[in-house]
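Overview (structure and organization)
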Amino acid sequence: MIERRKQTRSTINYPVYFIGWDKDGNVTAQDIATGLNVNENGMLIESDSFINARRIEIMVKSKDKTTIKINGAIIYSTPSNKGKFRTGICFEETPESTLLFIDEMIQAASLADA
């Protein structure tokens, strides 16, 4: 498969909570998933069910146990070979807030692996 991303993704394997909304602003999904990888443009999460939403808010615990959030658009949600669903998300925040979110999440994920 040809890699189309301009930025390298960092593997995180870290739990995330999400809420998804449809085009009318109705909540259509909320659950816990695993953040698989992330970069400054977006992230890939894996959940037990299909995420039928257009917009999504991702929430994670930072290293100091506060909740950090970021909003994005769902680009795709497809079945994986594990019987789960992988969902690609494009972040819609400012570059500064996106980089802060990513940095906090990567630090928390690395502490969880230790």
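So, here's what we can say about the structure. Given the structure is predicted, the values throughout are model-derived calculations rather than measurements.

1. Examining the packing of aromatic side chains
For the coordinates displayed, the defined rule picks out 2 aromatic pairs. Aromatic pair Phe50 and Phe85: ring centres 6.2 Å apart, planes at 75 degrees, arrangement edge-to-face. One end of the pair, Phe50, is in the loop between strand E3 (42-47) and strand E4 (55-61); the other, Phe85, is in strand E6 (residues 85-91), with 35 residues separating them in the sequence. Taking the relative accessible area as the measure of exposure, Phe50 reaches 44% and is therefore partly exposed.

2. Topic: the pairing of strand E5 (residues 67-79)
With 7 bridges joining them, E4 and E5 adopt antiparallel strand pairing. Within E5, the residue paired with Val60 across the bridge is Ile68. What sits between E4 and E5 in their antiparallel hairpin is a turn of 5 residues, with Lys65 showing a positive phi close to 70 degrees. As judged from the 7 bridges shared by E5 and E6, these two strands associate in the antiparallel manner. The residue of E6 that forms the bridge with Thr78 is Arg86. Between E5 and E6, which pair antiparallel one after the other, the connecting turn spans 5 residues, and Gly83 there sits at a positive phi close to 80 degrees.

3. Focus: the pattern of salt bridges
What the rule picks out here adds up to 5 salt bridges. For Lys82, the salt bridge is made with Glu46, and the minimal N-O distance between the two is 3.9 Å. Within this pair, whereas Lys82 is found in the loop between E5 and E6, its partner Glu46 is found in strand E3, the two being separated by 36 residues in sequence. When its relative accessible area of 9% is taken as the criterion, Glu46 is described as buried. Here Arg55 makes a salt bridge to Glu92, at a shortest N to O gap of 1.9 Å. With Arg55 in strand E4 and Glu92 in the loop between E6 and helix H1 (95-113), this pair connects stretches of sequence that are 37 residues apart. Via salt bridges that share partners, Glu46, Lys82 and Arg86 belong to a single interconnected network.

Rules used throughout
- Residue positions are counted from 1 within each chain, in the order its sequence is given.
- Local features in this predicted model are restricted to residues whose pLDDT is 70 or higher, and side-chain atom pairs enter the listing and the counts only when it is 80 or higher, whereas totals over whole chains, interfaces and linings include all residues.
- Calculated side-chain values reflect all of the structure's heavy atoms, with hydrogen atoms and water omitted.
- Stacked, edge-to-face and tilted labels apply to pairs of Phe, Tyr and Trp rings (six-membered ring for Trp) whose centres lie within 6.5 Å, assigned for plane angles under 30 degrees, over 60, and everything in between, in that order.
- Helix and strand definitions here come from DSSP, where helices need a minimum of 4 consecutive H or I residues and strands a minimum of 2 consecutive E residues; each element is numbered from the N-terminal end.
- With a 1.4 Å probe rolled over the protein chains alone, any residue whose accessible area is under 20% of its type maximum counts as buried; one over 50% counts as exposed, and the rest are partly exposed.
- At least two DSSP bridges between two strands are required for those strands to pair.
- By salt bridge we mean one thing: a side-chain nitrogen of Lys or Arg within 4 Å of a carboxyl oxygen of Asp or Glu.

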